Amino acid sequence: MTKPNTELHNLTIAELHSGLQQKQFSSHELTEHFLQRIAQLDTELNCFISVDAERALMLADEADQRLANGDTADLLGIPIAQKDIFCTRGMRTSCGSKMLDNFIPPYDATVIARMQQAGAVMLGKTNMDEFAMGSSNETSYYGPVKNPWNTNTVPGGSSGGSAAAVAARLAPAATGTDTGGSIRQPAALCGITGLKPTYGRVSRYGMIAFASSLDQGGPMTRSAADAAVLLNTMVGHDPLDSTSAHAECSDFTKQLPKSIKGLRIGLPKEYFDQRLNTAMADKVHEALQQLTALGAELVDIELPNSALSVPAYYVIAPAEASSNLSRFDGVRYGYRCENPTDLEDMYTRTRSEGFGDEVKRRILVGAYALSAGYYDAYYRKAQQIRRLIKEDFVKAFEKVDVIAGPTSPSPAFALGAKQSDPVEMYLEDIYTIAVNLAGLPGMSIPAGFIDEMPVGLQLVGNYFDESTILNTAHQYQQVTDWHQRSPID
Ligand code: GLN
């Protein structure tokens, strides 16, 4: 055992893999190291809703056994934090809600099952906005997560627990889900790398549904190279998810070393207009300069309907949510109110007491948009806009290989700053939401700091072309060290 323990949390997944293979440390030691960091630092940060140390160490011991038998799987023995939206057999899955505070799933989500087969060690379940609704992690029943770069600020949301845990090195990597930006925006605000795959790439089986036509799970890591390794395990057709794609899944690490000479990067004029604050615009332009120095070409493009993406999303996502969340009625599982007088009373009080304000707001908006009298005016219209947004991207990708821009309008904001103004909060996702509406893959990578807070560069790829954005991100990370900066030793 030659590696000093203090360094373990700074190693990349590839380094951890080789350390485990060469028996420099065991998965048990590695897992213990991260559990200790969680015990030390998470009281303040609040990244985790549940940590089961005993279970984690048992998984680590199983991994050590497999390692001893010569198994070389990429994630074998590597601790991973899972967003608390993925069902885990025998371990509470709360989705950040009082409604599921007592819910212990009888089965694993496909993402969890695949990671487990690969030998990854689940450290615990990460904090999130309630039912993944939010951009700041402040709607969680378990209290807000603190951004490790400045604990008075938010980590972004809804996968804020995962983002903050990876940034603070409480886990080498984590999973997230992204319905309108929830992987990319917290990745940007916490200075990590987050990838939302093409819709259908990663199975949604056992991933608690928010808006089923938009939800997509993906990796949250420090680097693009680590994201590629995680993605390899997460993807693939799943007969248990009817929207899961039959797309080919080649090894996502293969294209990483390729030169990006001649890569055409599209800059949507709508993302760089006067609404983008100048400090953020400067950072994005600096990053683009680095990419051109690596041989990429910048191409001006247009996404004329992008201004409509936030309003269309806030009809479609709540509509789907209102339908998905109807299953939480106190009958089968989850919270049930005390002493109901009759069925009606049980439904009403269970849902009034079990859901938080933001979830209720979405259910109301969604039920309204879907009601017979308003369906054509709102829901159908929003679906038409969605089609136009998708067509804008299809047209743009005839001219370019990647689309780039900011991930979020600004760096992390103060806790509480936007809580009383939902529209202001919704605008956090102005650059990310169109990608979900179109079903495209997108990622956010660390691209510098404004006032000591991290900012992200967003890269959007064509359908099922995660490899090209991973390649672009990896090449950028070869000439920059933003992704290696750490808020905590
Ligand atoms: N912030 C957006 C919302 O509140 C997106 C959330 C997400 O991607 N899960 O709906």
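Relevant structure appears above.
Here is a short report on the structure shown in this document. The model shown is predicted, which means the values in this text are computed figures rather than measured ones.

Thresholds applied
- Residues numbered from 1 in each chain as written.
- Predicted model: local features only at pLDDT ≥ 70, side-chain atom pairs only at ≥ 80, totals over all residues.
- Heavy atoms only, no water.
- 1 Å grid on protein atoms, 1.4 Å probe; cavity = no way out; pocket = protein on both sides within 12 Å on 5 of 7 lines; lining within 4 Å.
- Points joined across faces, edges and corners; volume = space filled by probe spheres on them.
- Nonpolar A, V, L, I, M, F, W, Y, C, P; charged D, E, K, R; others polar.
- Helix = DSSP H or I, 4+ residues; strand = E, 2+ residues; numbered from the N terminus.
- Buried < 20%, exposed > 50% of the residue type's maximum accessible area, 1.4 Å probe, protein only.
- Contact = heavy atoms within 4.5 Å.
- Axes fitted to C-alpha atoms, helices over the stretch in contact; angles between N-to-C directions.
- Parallel < 35°, antiparallel > 145°, perpendicular 65-115°, else oblique.

## Describing empty space enclosed by the protein
In step 1: Summed over the entire model, instances satisfying the criterion amount to three cavities of 30 Å³ or more.
In step 2: Its volume calculated, the largest cavity comes out at about 80 Å³.
In step 3: Contributing to the lining of the largest cavity are 14 residues, with Ala 132, Gly 134, Ser 182, Tyr 313 and Asp 429 lying nearest its centre.
In step 4: In terms of residue class, the lining of the largest cavity is made up of five nonpolar, seven polar and two charged.
In step 5: Approximately 50 Å³ is the volume attributed to the second largest cavity.
In step 6: For the lining of the second largest cavity, the secondary structure elements donating two or more residues are strand 2 (79-83), helix 4 (110-117) and strand 3 (121-126).
In step 7: Counting residues per element, the lining of the second largest cavity draws most heavily on helix 4, which supplies three residues.
In step 8: Within the lining of the second largest cavity, the residues separate by chemical class into seven nonpolar, two polar and no charged.

## Digging into the side chain of His 483
In step 1: By the element assignment, His 483 lies in the segment after helix 15 (466-479).
In step 2: Residue class for His 483 comes out buried when judged on its relative accessible area of 8%.
In step 3: With residues near it in sequence (within four places) discarded, His 483 still touches Arg 222, Ser 223, Pro 446 and Gln 477.

## Here's the deal with the packing of helix 4 against helix 7 (residues 224-234)
In step 1: One can describe the packing of helix 4 onto helix 7 by two numbers: an axis separation of 8 Å at closest approach and a directional angle of 110°. Classed by the angle they form, the pair helix 4 and helix 7 counts as roughly perpendicular. Contact residues: Val 111, Arg 114 and Met 115 in helix 4; Leu 230, Thr 233 and Met 234 in helix 7.
In step 2: Partitioning the contact of helix 4 with helix 7 into residue classes produces four nonpolar, one polar and one charged.

## Examining the packing of helix 9 (residues 309-324) against helix 11 (residues 357-370)
In step 1: For the pair helix 9 and helix 11, interaxial distance at closest approach is 7 Å and the crossing angle is 100°. As judged from the angle between their axes, helix 9 and helix 11 are roughly perpendicular. Residues Tyr 314, Val 315, Pro 318, Ala 319 and Ser 322 of helix 9 touch helix 11, and the partners they reach there are Arg 362, Ile 363, Val 365, Gly 366, Ala 367, Ala 369 and Leu 370.
In step 2: Of the residues assigned to the contact of helix 9 with helix 11, the class counts are nine nonpolar, two polar and one charged.

Any link to function would need more than the numbers given here.
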